[in-house]
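Take a look at the letters that make up each chain.
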Amino acid sequence: MRAVMLNFAYIPELHDELTLRWHVEALEAWRPPEDEWTLLVVRQHLANFELWHTEDAARTPHATDADLARVKRRIDETNQRRNDLSEQIDVSLLKFLGEQNLPNAAATLHSESPGLMIDRLSILALKIFHTREEMERPDAPTGHAERNQERLAILTEQRSDLAACLARLWEETLAGSRRFKVYRQLKMYNDPALNPAMYRNEGLRDGKP
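First, a word on scope: everything that follows refers to the structure included in this document. (Residues numbered from 1 in each chain as written. Predicted model: local features only at pLDDT ≥ 70, side-chain atom pairs only at ≥ 80, totals over all residues. Heavy atoms only, no water.)

### Re the overall build of the protein
Right, so step 1: Secondary structure assignment for the protein yields seven helices and two strands.
Right, so step 2: The helix and strand sequence of the protein, counted from the amino end, reads α-α-α-α-β-α-α-β-α.
Right, so step 3: Counting every position in the protein, which comprises 209 residues, the buried fraction comes to 35%.
Right, so step 4: The long-range fraction of contacts in the protein, counting pairs at least 24 apart against all pairs at least 6 apart in sequence, stands at 78%.
Right, so step 5: Carbon and sulfur atoms make up 53% of the accessible area of the protein, which totals about 12600 Å². (Helix = DSSP H or I, 4+ residues; strand = E, 2+ residues; numbered from the N terminus. Buried < 20%, exposed > 50% of the residue type's maximum accessible area, 1.4 Å probe, protein only. Contact = heavy atoms within 4.5 Å. Areas by Shrake-Rupley, 256 points an atom, 1.4 Å probe, with all protein chains shown as cover.)

Dropping the structure here:
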């Protein structure tokens with residue numbers, strides 16, 4: 001795990017490989033990696049993959065109210081899992097660093113953690129895949145492929161920049177010149193104790209005013 005964790009350069013390639021595989025093969029046929037660190041990255045990307053396609057289902061023109069309610073609940077659950085896994089990535093990295101007496105407490109604090117950056121790389125991989133799909137659509141109107149080719153160039157540059165920033169953050173953290181923290185998302189919408197729409201309905205079901 002140590003050698004893999006020290007190398008962030010493979011993550012965009014891993015995202016691309018999985019995105020293609022999950023579009024071609026049934027998810028049930030896919031076997032997750034045994035390495036714990038890679039598994040975290042993969043599970044986080046899978047949450048984004050599922051979220052992307054669930055949100056597409058929510059935009060189906062003829063979806064009923066019941067369909068939309070069901071899809072909305074699934075979106076909330078998947079988004080919660082996505083955020084939890086981003087945090088778990090950071091926890092895992094900080095545990096690894098702690099064994100080396102890092103991060104340096106006196107180092108400059110980075111405003112974005114690796115887990116959040118990996119989440120952004122995951123989303124960019126999905127955007128790149130689907131933009132390429134749109135470029136190759138045989139029934140697309142005139143100019144559609146050209147517009148998406150421009151989008152693809154922008155997305156590719158953005159991902160390259162972000163991947164380089166992630167690698168630099170990790171190098172500087174290992175060198176003791178930069179540090180990061182786990183930034184808890186603290187989502188409220190799925191918590192029945194914090195979401196008024198949930199706890200007020202609980203009260204009504206219990207016969208309370």
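### A short note on the packing of aromatic side chains
Right, so step 1: Counted under the stated rule, the structure contains five aromatic pairs.
Right, so step 2: Centre to centre, the rings of W22 and F49 are 5.4 Å apart; their planes meet at 65 degrees, and the pair counts as edge-to-face. Of the two residues, W22 is situated in helix α2 (residues 11-24) and F49 in helix α3 (residues 36-58); the sequence distance between them amounts to 27 residues.
Right, so step 3: Looking at W22, the relative accessible area reads 5%, which means it is buried.
Right, so step 4: Within the aromatic cluster, the residues linked to one another by ring pairs are F8, W37, F96 and W170. (Phe/Tyr/Trp six-rings, centres within 6.5 Å; stacked < 30°, edge-to-face > 60°.)

### Here we look at the nonpolar core
General note: in soluble globular proteins, nonpolar side chains tend to be found buried as a group.
Right, so step 1: In this structure, F8, W37 and I118 are the most contacted members of the largest nonpolar core, which totals 33 residues.
Right, so step 2: Residue contributions to this core peak at seven residues, all from α3. (Core = buried A, V, L, I, M, F, W, Y, C linked by side-chain atoms within 4.5 Å.)

### Considering the pattern of salt bridges
Side chains that differ in sign of charge can pair as their charged atoms come close.
Right, so step 1: With the rule as written, the count across this model stands at eleven salt bridges.
Right, so step 2: Among the ionic pairs, R81 bridges to E50, the shortest N-O distance being 2.5 Å. On the criterion of sequence distance, the pair formed by R81 in helix α4 (residues 65-98) and E50 in helix α3 is long-range, its members being 31 residues apart.
Right, so step 3: We note a salt bridge from D139 to R137, for which the minimum N-O separation is 3.1 Å.
Right, so step 4: On the accessibility criterion, R137 (32% relative accessible area) is partly exposed. (Salt bridge = Lys/Arg side-chain N within 4 Å of Asp/Glu carboxyl O.)

### Brief notes about unusual backbone geometry
Right, so step 1: Cis geometry marks the peptide bond from L102 to P103; its omega dihedral reads -5 degrees.
Right, so step 2: Here P103 is to be found in the loop between α4 and β1 (108-109).
Right, so step 3: One non-glycine residue, N101, lies in the positive phi region at around 60 degrees.

### Some thoughts on the environment of R137
Right, so step 1: Within the secondary structure, R137 sits in the loop between α5 (114-135) and α6 (144-175).
Right, so step 2: Looking at R137, its side chain comes within polar contact range of the side chain of E134, at 2.9 Å.
Right, so step 3: Polar contacts involving the side chain of R137 include one to the side chain of D139, which spans 3.1 Å. (Polar contact = N/O pair within 3.5 Å; in protein donor to acceptor, adjacent residues only side chain to side chain.)

### Quick look at the environment of N7
Right, so step 1: Position of N7 relative to the elements: it lies in the loop between α1 (2-5) and α2.
Right, so step 2: Residue classification places N7 among the partly exposed positions, given a relative accessible area of 36%.
Right, so step 3: Sequence-wise, N7 and A167 are 160 residues apart; in three dimensions their C-alpha atoms are separated by 7.9 Å.
Right, so step 4: Separated by 3.0 Å, the side chain of N7 and the backbone nitrogen of A9 make a polar contact.

All we've got here are geometric facts, nothing functional implied.
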